[in-house]
Amino acid sequence: MAEKVVIGNAELWHGDCREVLPLLPDVDATITDPPYGIDFKYEEHQDDFEGWIDLISEVLPVLRQKSGFVVMPSCQIKRLKWWYENFAPDWVICWHKGSPGHVSSIGFNDWEPHLCWGKPKKPMHDYFSTQCGFDDNGHPCPKPVRYAKWLVDRGCQHGGTVLDPFMGSGTTGVACADLGRKFIGIEKTRKYFDIACERIRAAQAQERLFA
């Protein structure tokens with residue numbers, strides 16, 4: 001059974017997003033970083049390609065119903081064909097991250113497509129650049145906070161609500177705390193959920209201190 005923890009203006013759920021999403025209200029934006037389906041070693045998630053297809057196919061239609069704007073990585077550039085055949089995005093953002101050392105078929109990937117459905121409340125560029133240096137916060141594959149802050153700042157207006165159904169260690173929630181957005185996050189792995197709670201609690205306390 002899903003567990004809910006409220007920290008300031010953040011609502012954090014420990015559970016499977018497929019079970020929790022029907023319980024949630026509509027939000028302004030979904031900004032998320034799902035598992036990539038590349039056999040990465042998570043604590044409780046089987047990260048294979050077949051499972052990724054099932055997960056995305058079930059979750060994305062719900063996110064599009066609940067969110068005015070949805071943005072997420074394509075989870076490998078070579079999957080763009082699959083995306084356009086099954087859930088064609090309205091537009092694509094380029095995240096220039098510099099090379100993390102991951103080899104592609106022609107060299108190194110210095111950028112990553114982010115797929116978008118719907119429109120944000122204000123105009124948004126289709127290119128941004130932040131270093132891909134991963135924050136050491138206990139999660140095996142986190143995105144940097146500055147990455148999440150760029151998307152949150154442009155994808156949701158001040159005071160609006162951002163949803164992240166694959167919360168991980170709570171990076172999007174930290175960005176929301178820093179930028180004055182409400183946040184709803186879902187994470188099924190207890191270890192990562194607890195890390196997210198602590199990080200978001202600390203970010204909100206820091207924001208109140210500076211305010």
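Preceding this section is the structure that the text describes.
Keep in mind that this is a model prediction, so the values were computed, not measured. Every chain's residues receive numbers from 1 upward, in the order its sequence appears when written. Under the rules for a predicted model, residues below a pLDDT of 70 receive no local features and side-chain atom pairs below 80 are neither given nor counted, while totals for whole chains, interfaces and linings still include all residues. With hydrogens and water set aside, each side-chain value is computed from the structure's full complement of heavy atoms.

A.B. asks: So what exactly am I meant to see when it comes to the environment of G8 here?
C.D. replies: Helix and strand definitions follow DSSP, with helices as H or I runs of at least four residues and strands as E runs of at least two, each counted in order from the N terminus. Along the chain, the position of G8 falls in the loop between β1 (3-7) and β2 (10-14). You can call G8 exposed: its relative accessible area is 58%. C-alpha of G8 to C-alpha of A177: the two residues are 169 residues apart in sequence and 9.2 Å apart in space. Partly exposed describes any residue whose relative accessible area lies between the buried limit of under 20% and the exposed limit of over 50%, with all areas from a 1.4 Å probe on protein chains only and scaled to the type maximum.

A.B. asks: Just to check I follow, could you spell out the sheet that holds strand β4 (residues 67-73) for this structure?
C.D. replies: Pairing between strands is defined by DSSP: at least two bridges between them are needed. Overall, mixed pairing links the nine strands, which are arranged β1-β2-β11-β10-β3-β4-β8-β5-β9 in an open sheet. The open sheet has two edge strands, β1 and β9 (127-129), and neither has a second partner. Taking the axes of each pair of neighbouring strands and ignoring which way they run, one obtains an average angle of 20° across the sheet. Relative to strand β8 (residues 111-118), strand β5 (residues 91-96) runs antiparallel, the two sharing six bridges. Fitted lines through C-alpha atoms give the axes, limited to the stretch in contact for helices. The angle between two N-to-C directions lies from 0 to 180 degrees.

A.B. asks: Explain the side chain of R79 to me, please; I cannot follow it from the model alone.
C.D. replies: Relative to the assigned elements, R79 resides in the loop between β4 and α3 (80-86). Residue classification places R79 among the buried positions, given a relative accessible area of 5%. Contacts described as polar in this section are N or O atom pairs within 3.5 Å, which, within protein, must combine one atom able to donate a hydrogen with one able to accept it, while residues neighboring in sequence count only if both atoms come from side chains. Reaching out from R79, the side chain makes a polar contact with the backbone oxygen of C75 at a distance of 3.1 Å. Excluding residues within four positions of it along the chain, R79 makes contact with Y36, G37, I38, F49, W52 and S74. Contact definition: two residues touch when any of their heavy atoms are within 4.5 Å.

A.B. asks: Teacher, can you tell me more about the pairing of strand β10 (residues 161-164) here?
C.D. replies: Along a regular strand, successive side chains alternate from one face of the sheet to the other. The alternating pattern of β10 places T161 and L163 and V162 and D164 on opposite faces, both of which are buried. In the sheet, β10 pairs with strand β11 (residues 182-187) via four bridges, with the strands oriented parallel. When the bridges of β11 are listed, T161 appears paired with K182. Whether a crossover is right-handed depends on one test, that the path from the first strand over the helix to the second runs clockwise when the strands point away from the viewer. Taking the sense of rotation as the criterion, the β-α-β connection linking β10, helix α5 (residues 171-179) and β11 turns out right-handed.

A.B. asks: Is there a simple way to think about the pattern of salt bridges in this case?
C.D. replies: When their charged atoms lie close together, side chains carrying opposite charge are able to pair. Definition used for salt bridges: Asp or Glu carboxyl oxygen within 4 Å of a side-chain nitrogen of Lys or Arg. This structure, assessed with the given rule, holds 10 salt bridges. A salt bridge links D16 to R18; the shortest N-O distance between them is 3.1 Å. Overall, the relative accessible area of 34% leaves R18 in the partly exposed class. One salt bridge in this structure joins R201 and E198, with 2.9 Å as the shortest N-O distance. Here R201 pairs with E198, and both are found in helix α6 (residues 190-210), just three residues apart, close to one helical turn.

A.B. asks: Before we go on, may I ask you to explain the environment of T172 in this structure?
C.D. replies: Counting through the fold element by element, T172 comes out in helix α5. Each C-alpha atom of the pair T172 and I184 lies 9.6 Å from the other, and the pair is 12 residues apart in sequence. T172 has contacts with I31, A148, V152, V162, D164 and F183, leaving out every residue within four places of it along the chain.

A.B. asks: Explain the packing of aromatic side chains here, please?
C.D. replies: What characterises a pair of aromatic rings is the spacing of the ring centres plus the angle enclosed by the ring planes. Pairing of aromatic side chains requires ring centres within 6.5 Å, counting the rings of Phe and Tyr and the six-membered ring of Trp. Pairs whose planes differ by under 30 degrees are stacked, by over 60 edge-to-face, and all others tilted. What the rule picks out here adds up to 11 aromatic pairs. When the centroid spacing of 6.0 Å and the interplanar angle of 15° are considered together, the rings of F49 and W52 count as stacked. Residue F49 and its partner W52 are located together in helix α2 (residues 49-66), separated by three residues, close to a single helical turn. What makes F49 partly exposed here is its relative accessible area of 32%. Taken together through their ring pairs, the aromatic side chains of F49, W52, W82, W83, F87 and W117 make up a single cluster. Geometrically, a lysine NZ or arginine CZ counts as sitting over a ring once it is within 6 Å of the ring centre and also within 35 degrees of the ring normal. Here R79 stacks its cationic end above the ring of W52, 4.3 Å away from the centre of that ring. A cation over an aromatic ring shows up here: K143 above the ring of Y147, its NZ or CZ 5.8 Å from the ring centre.

A.B. asks: I keep staring at α2 and nothing clicks. Help me out?
C.D. replies: What sets the pattern is the α-helix's 3.6 residues per turn: residues three or four places apart point alike. Take the residue count of a helix, subtract one, and multiply by 1.5 Å to get its expected span. Across its 18 residues, α2 extends 26 Å between first and last C-alpha, which sits within 8% of the 26 Å expected from 1.5 Å per residue. Here the bend at a residue means the angle between the axes of two seven-residue stretches, the one that ends at it and the one that starts at it. Maximum bend of α2: about 25°, positioned at V59, with proline P61 one to four residues after it. Buried within α2 we find W52, L55, I56, V59, L60, L63 and K66. In the core, the buried residues of α2 are packed alongside α1 (17-20), β3 (27-31), β4, α3, β8 and β10. N-cap assignment for α2: the residue whose side-chain oxygen lies 3.3 Å from the backbone N of E50 is D48.

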